[in-house]
Amino acid sequence: MAIEIIATGRATPPRRISNAELAEKISTSDEWIRSHTGIGSRYIADEQTATSDLALQAAINTLSLALERKTVQEHSLEELALTLDMIIIGTVSPDYYGFPSTACLVQHGLGALNAGAMDISAACSGFVYGLETASGLLCMRQSRKRALVMGAEVLSRLVDWDDRGTCILFGDGAGAALIEKRPDGKEKRGLLQTVLRADGSGAQSLVIQRGGSRNPYRRGEIIDTPPHVQMDGRAVYNFAVKAVTEIVDKLLALEGIGIDAVKWIVPHQANARIVAAAGKRLGIPAEKFFLNIESYANTSAASIPIALDELNRREEIRTGDIIMTIGFGGGLTYGGNLIKW
Ligand code: UT7
């Protein structure tokens, strides 16, 4: 069986904040942010918008593209939503902690009455993990055919806006891919390979310390800052360069192909310098990596599906192209997918 991506979508909040605008509020500069990360701006949600709102919009945009490009036979969004067997969302900024999952909120919003729904907690690798999980679920049962795999985040609510070392890095957004199980054709297509890895020994280098069962807020406690991302930037940087290098090598070896066979490497958009350093180590030209961090900053689990959607809508991915995704982030988690479009 082949698992193919038959549509993609994305959504961002309307407000885009430039580095210069940030520099009016915190002690930083456009020059520092650009030279250390490659980020030029980020989208930030208003107070009324939660992760499921962006996720639902990205889901609707995805199903609409499937209808528009006629990659499905259904004629309306409602009809198409009813064919979904599973909705999976990678997120570390769910609407609610614990439950309900963000995926359940999207399932209700779409009217996907025949779908199971759950979130995946794999931080910035959430989409990579989600694609493999959904693919496995579709292949397990003959009756399952379609799934919506998403990454969605409102990280602006999980950063300490007084910590210039982290708050400048993140942005809000959601991305999605509609996947379908199809019989194998003459040529091998769809999701070719996936590698999933974790290194829990680095758990404390990227962590939200407060609010969970390890370190809960206590009755009567005066809370100065909401739960927020704490990061040992240097440690995560070194891990990320190693992770990208390892995953590229592993995916190519598993499929038995060289890098020339790959049209695009779509890495998690955390820092353009990470990608440049890994590319240099691997001897892969920079043009092979798709980067849109300049506009979006780091949207965690959403960054890969947002990038895939940009490429897909610009028709810079065509049928038969091989795409490699690479995720890395909190956990620490990392991994990648090799997809023949
Ligand atoms: O998606 C999750 C995965 N996360 C990542 O992949 C992030 C990985 N880490 C990184 O991308 C980089 O480590 C950062 C971009 C976070 C930091 O870059 P860096 O080159 O490691 O900078 P640094 O933390 O070593 O700081 C260098 C200097 C410090 O000043 P001093 O001590 O040298 O005087 C910082 O205080 O830059 C200062 N600094 C800033 N200056 C202006 C830190 N943040 C800022 C800022 N604006 N926003």
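Because the structure is predicted, anything quoted here is derived from the model rather than measured.

Details of the domain arrangement of the protein
Size of an interface, as often reported, equals the accessible area lost when the parts are brought together.
Here comes step 1: One can read the domain layout of the protein as domain 1 (2-182) and domain 2 (190-340).
Here comes step 2: Each of domain 1 and domain 2 has a C-alpha centre, and these two points are 15 Å apart.
Here comes step 3: Roughly 4,000 Å² is buried in total at the junction of domain 1 and domain 2, and carbon and sulfur atoms are behind 59% of that figure.
Here comes step 4: For domain 1, the biggest contributors to the area lost against domain 2 are Arg 10, Cys 124 and Val 128; these three give 17% of the whole.
Here comes step 5: Connecting domain 1 to domain 2 are three salt bridges.
Here comes step 6: Across the salt bridge formed by Arg 10 and Glu 310, the nearest N and O atoms sit 4.0 Å from each other.
Here comes step 7: In terms of residue count, the dominant contributor to the side of domain 1 that touches domain 2 is helix 6 (residues 126-140) (seven residues).

Concerning the site of the ligand
Here comes step 1: Around the ligand sit 23 residues, and of these Thr 28, Arg 164, Arg 234, Asn 271 and Asn 298 come closest.
Here comes step 2: Taking Gly 233, its main chain carries an N or O atom lying 3.0 Å from a nitrogen atom of the ligand.
Here comes step 3: Taking His 268, its side chain carries an N or O atom lying 2.9 Å from an oxygen atom of the ligand.
Here comes step 4: Expressed as a share of its isolated accessible area of 960 Å², the protein-covered part of the ligand is 70%.
Here comes step 5: With four residues, helix 8 (residues 233-255) is the single largest residue contributor to the shell around the ligand.
Here comes step 6: By residue class, the composition of the shell around the ligand is 11 nonpolar, nine polar and three charged.
Here comes step 7: Two domains each put at least three residues into the shell around the ligand: domain 1 (2-182) and domain 2 (190-340).

Here we look at the nonpolar core
Here comes step 1: In terms of nonpolar packing, the biggest core is built from 46 residues, with Val 248, Val 262, Ile 265, Ile 274, Met 324 and Phe 328 touching the most fellow members.
Here comes step 2: Of all the secondary-structure elements, those providing two or more residues to this core are strand 8 (190-198), helix 8, helix 9 (272-282), strand 12 (322-329) and strand 13 (333-340).
Here comes step 3: If you tally residues by element for this core, the top one is helix 8, at 11 residues.
Here comes step 4: Both of domain 1 (2-182) and domain 2 (190-340) provide at least three residues apiece to this core.
Here comes step 5: Beyond its immediate chain neighbours, meaning those up to four positions away, Val 248 contacts Ile 259, Ile 265, Leu 282, Ile 284, Met 324 and Ile 326.

Digging into the side chain of Gln 193
Here comes step 1: Among the secondary structure elements, Gln 193 is positioned in strand 8.
Here comes step 2: By relative accessible area, Gln 193 is classed as buried at 17%.
Here comes step 3: In this structure the side chain of Gln 193 is engaged in a polar contact, spanning 2.9 Å, whose partner is the side chain of Glu 255.
Here comes step 4: Excluding its chain neighbours within four sequence positions, the residues that come into contact with Gln 193 are Lys 188, Leu 251, Leu 254, Glu 255, Gly 336, Asn 337 and Leu 338.

Some points on the side chain of Thr 51
Here comes step 1: For Thr 51, the location among the structural elements is in helix 3 (residues 51-68).
Here comes step 2: A relative accessible area of 2% places Thr 51 in the buried class.
Here comes step 3: At 3.3 Å, the side chain of Thr 51 forms a polar contact with the backbone nitrogen of Val 154.

Details of the sheet that holds strand 7 (residues 172-182)
Here comes step 1: The mixed open sheet is built from five strands, whose spatial order is 1-7-6-4-5. Each end of this open sheet is capped by a strand with a single partner; those strands are strand 1 (2-11) and strand 5 (116-120). Taking the axes of each pair of neighbouring strands and ignoring which way they run, one obtains an average angle of 20° across the sheet.
Here comes step 2: Packing of helix 6 onto the sheet brings it into contact with strand 1, strand 4 (84-90), strand 5, strand 6 (146-154) and strand 7, and relative to strand 6 it is tilted by some 160°.

Brief notes about the packing of aromatic side chains
In this description, an aromatic ring pair is defined by two values, namely the gap between the centres and the angle between the planes.
Here comes step 1: All chains considered together, the criterion is met by three aromatic pairs.
Here comes step 2: Between Tyr 43 and Tyr 296, the ring centres sit 5.6 Å apart and the planes meet at 45°, which makes this aromatic pair tilted. Of the two residues, Tyr 43 is situated in strand 3 (residues 41-43) and Tyr 296 in helix 10 (residues 293-296); the sequence distance between them amounts to 253 residues. Considered together, Tyr 43 and Tyr 296 belong to a single accessibility category, that of buried residues.
Here comes step 3: With 5.7 Å between their ring centres and 80° between their planes, Trp 264 and Phe 290 make a pair best called edge-to-face. Placement of Trp 264 in strand 11 (residues 264-267) and of Phe 290 in the loop between helix 9 and helix 10 is noted, with a sequence separation of 26 residues between them.
Here comes step 4: You can call Trp 264 buried: its relative accessible area is 13%.
Here comes step 5: Of the residues examined, Phe 290 reaches a relative accessible area of 6% and is grouped as buried.

About the cut-offs
Residues numbered from 1 in each chain as written. Predicted model: local features only at pLDDT ≥ 70, side-chain atom pairs only at ≥ 80, totals over all residues. Heavy atoms only, no water. Domains from an automatic or database assignment. Buried area = accessible area lost by both parts, 1.4 Å probe. Salt bridge = Lys/Arg side-chain N within 4 Å of Asp/Glu carboxyl O. Helix = DSSP H or I, 4+ residues; strand = E, 2+ residues; numbered from the N terminus. Near = heavy atom within 4 Å. Polar contact = N/O pair within 3.5 Å; in protein donor to acceptor, adjacent residues only side chain to side chain. Areas by Shrake-Rupley, 256 points an atom, 1.4 Å probe, with all protein chains shown as cover. Nonpolar A, V, L, I, M, F, W, Y, C, P; charged D, E, K, R; others polar. Core = buried A, V, L, I, M, F, W, Y, C linked by side-chain atoms within 4.5 Å. Buried < 20%, exposed > 50% of the residue type's maximum accessible area, 1.4 Å probe, protein only. Contact = heavy atoms within 4.5 Å. Pairing = 2+ DSSP bridges. Axes fitted to C-alpha atoms, helices over the stretch in contact; angles between N-to-C directions. Phe/Tyr/Trp six-rings, centres within 6.5 Å; stacked < 30°, edge-to-face > 60°.

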